[in-house]
Amino acid sequence: MSLHYDFMTDRPLDDIKVTAHHLYEEPPYDGILVSKVKIEDNKKRLKEVIDKGIHAFLEFEGPIFGDCGAFGYINERTPPFDPADIADYYNSIGFDYGVSVDHLIVPAVDDEKEYRFDITLKNAERFLRRHKEKEYDFVPVGAAQGWNARSYKSAVHELLDMGYEYIAIGGLTRSQTPEVLRVMRAVKEEVGAQKNIGIHLFGVARLNALLELRSLGLTSFDSASHLRRAWLGANSNYITANGQGYAALRVPQSDRSPKAKKIIDTRGISLEELKAYEEACLTLIRSYDRGEAEIDEVLEALLWYDNLMDDSRNHGAHYKRTLTDMPWQKCDCRICKEWGVEVIIFRGNNRNRRRGFHNTRIFYDQFRKLLAEDRTVDMQQRLDGL
Ligand SMILES: [Zn+2]
């Protein structure tokens, strides 16, 4: 079993575009959200998606949600997409759900908030009209933007009036959970007793509030934060089933990392010398994992290499915690089982992404467990059915 990657040489073994569902028997998500701006930032990818369709491109049979990726044009006056074209685009590549063209309202554009609120609703109207005219099969999702609970409520009111049965709430990714709950309560008031209305939250994955959000009508959400934390931030790149976060151990590639190149150019250190340090770190980490090296040796080598790489953050305490607890040895997901300690080593994109897949798997398992334990909604539905 290769996971399509050789961790020892840091080289992909084939040119398969690997995503988490390729590596686990069961995908660690129920569906995938694909933003148009993400597809378009690579011309080759765009062509492939158009030729194959989105399901074949991702090799994923579950539901695929399309949106425009409003963060990508947050600074523009008007979204760069025409709602009718976007409806055609969702249909042409086979999305199951398609979100109308929205415009984010964030504090930086406070003086434009009403304009952005209006344009989001106008676009939703035109988008739905096109969907009806062309009798498209995908589920149209109306995007709601707002700046407080009341404005979101009024956006949802308009969208329901237009005839939407699935609504996506945007702009709350960076909001605190109490604010998200306030908005969802207002949305719930608007939806009232209508049972067929789906509510999606963009970029909001809050397990601590999941059951409450679900009771307020939340149907779906998306988030890449567990994937991305694998390489963003220094202290919590690897998460565990019991809710702990661990720092990954940084051993940048001497021949590929931009930082290493800078060191070689400016410090008079040769590539061979740098490579020797890198190899020493990797060998020590692997020996430590087998119980054949002492923690202090590994720590010293890692911090020495950090220092050489001009990493000014002090990772000592975090590395020590990771090395002491050895969390990779306790995870039974396929990536950790097959590659063990390799998953905790912070190097190139392919390796770091696999740590992100592990994180996604852990998050999804926690999510599923929470839902399975929550009987209140099922019970309520059963009571309603009587
Ligand atoms: Zn794992």
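Residues numbered from 1 in each chain as written. Predicted model: local features only at pLDDT ≥ 70, side-chain atom pairs only at ≥ 80, totals over all residues. Heavy atoms only, no water.

A. Region of interest: the domain arrangement of the protein chain. Splitting the protein chain by domain gives domain 1 (31–223) and domain 2 (238–366). Using C-alpha coordinates to define each centre, domain 1 is positioned 37 Å away from domain 2. (Domains from an automatic or database assignment.)

B. Structural view of the sheet that holds strand β9 (residues 218–221). With respect to topology, 7 strands assemble into an open sheet ordered β3-β4-β5-β6-β7-β8-β9, the strand pairing being parallel. Of all strands in the sheet, those bounded by a partner on one side alone are β3 (32–35) and β9. Along the sheet, successive strands turn relative to each other by an average axial angle of 30°, direction set aside. Where strand β5 (residues 97–99) lies against strand β6 (residues 139–144), 3 bridges are found, and the strand directions are parallel. Its bridge partner being in β6, Gly 98 is matched across the sheet by Pro 140. Strands in contact with helix α6 (residues 113–133) are β5 and β6; relative to β6, the strand with the most contacts, it is inclined by about 170°. (Pairing = 2+ DSSP bridges. Helix = DSSP H or I, 4+ residues; strand = E, 2+ residues; numbered from the N terminus. Axes fitted to C-alpha atoms, helices over the stretch in contact; angles between N-to-C directions. Contact = heavy atoms within 4.5 Å.)

C. View of the environment of Ser 35. Residue position: Ser 35 is located in strand β3. In sequence terms Ser 35 and Tyr 152 are 117 residues apart; their C-alpha atoms lie 22 Å from each other. For Ser 35, the residues in contact, after removing those within four places along its chain, are Asp 67, Cys 68 and Gly 69. Engagement of the side chain of Ser 35 in a polar contact is seen with the side chain of Asp 67, the distance being 2.5 Å. (Polar contact = N/O pair within 3.5 Å; in protein donor to acceptor, adjacent residues only side chain to side chain.)

D. View of the pairing of strand β7 (residues 166–169). Side-chain alternation along β7 places Tyr 166 and Ala 168 on one buried face and Ile 167 and Ile 169 on a second face that is also buried. Relative to β7, β6 runs parallel, the two being bridged by 3 bridges. Paired with Gly 142 across the strands is Ile 167, a residue of β7. Since β6 and β7 lie parallel, the crossover through helix α7 (residues 149–162) that links them has a hand, and here it is right-handed. Each parallel crossover has a hand, and the one from β7 via helix α8 (residues 177–191) to strand β8 (residues 198–201) is right-handed. (Buried < 20%, exposed > 50% of the residue type's maximum accessible area, 1.4 Å probe, protein only. Right-handed = clockwise from strand over helix to strand, strands pointing away.)

E. Spotlight on the environment of Leu 282. Mapped onto the elements, Leu 282 comes out in helix α12 (residues 271–289). Judged by relative accessible area, Leu 282 falls into the buried class, the value being 4%. As a C-alpha pair, Leu 282 and Lys 44 span 238 residues in sequence and 35 Å in three-dimensional space. Sequence-distant contacts of Leu 282, defined by excluding residues within four places in its chain, comprise Val 251, Ile 345 and Arg 347.

F. A look at the coordination of the zinc ion. Coordination of the zinc ion by the protein comes from Cys 331 (SG), Cys 333 (SG), Cys 336 (SG) and His 358 (ND1), over a distance range of 2.1 to 2.4 Å. One way to put it: the 4 donor atoms around the zinc ion meet at angles of 101 to 119°, and that makes the site tetrahedral. Mapping the donors of the zinc ion onto the primary sequence yields the spacing C-x1-C-x2-C-x21-H. Note that Cys 333 is positioned in the loop between α14 (316–325) and α15 (334–339) and His 358 in helix α16 (residues 349–373), a separation of 25 residues in sequence. In this pair, the class of Cys 333 matches that of His 358, namely buried. (Donors = N, O, S within 2.8 Å, 3.2 Å for Na, K, Ca; no water. Tetrahedral: all angles 85-135°; square planar, octahedral: opposite > 155°, others 65-115°.)

G. Geometry of unusual backbone geometry. The phi torsion at Glu 59 lies on the positive side, around 50°, for a residue other than glycine. Relative to the assigned elements, Glu 59 resides in the loop between α4 (54–58) and β4 (64–67). Here Met 326, not a glycine, exhibits a phi torsion of approximately 45°, which is positive. The topology assignment puts Met 326 in the loop between α14 and α15.

H. Quick peek at the packing of helix α5 (residues 83–93) against α6. Where α5 contacts α6, the two axes come as close as 8 Å, and the packing angle between them is 45°. Classified by the angle their axes make, α5 and α6 are oblique. In the packing of α5 onto α6, the handedness of the crossing is right-handed. Facing Pro 83, Ala 84, Ile 86, Ala 87, Asp 88 and Tyr 90 of α5, the residues of α6 in contact are Asn 123, Arg 126, Phe 127 and Arg 130. Split by residue class, the contact of α5 with α6 holds 6 nonpolar, 1 polar and 3 charged. (Parallel < 35°, antiparallel > 145°, perpendicular 65-115°, else oblique. Left-handed = near helix turned anticlockwise from the far one by under 90°. Nonpolar A, V, L, I, M, F, W, Y, C, P; charged D, E, K, R; others polar.)

I. Spatial organisation of the side chain of Arg 351. The topology assignment puts Arg 351 in helix α16. Contacts of Arg 351, omitting those with residues within four sequence positions, involve Tyr 5, Phe 7, Asp 10, Arg 286, Glu 342 and Ile 345.

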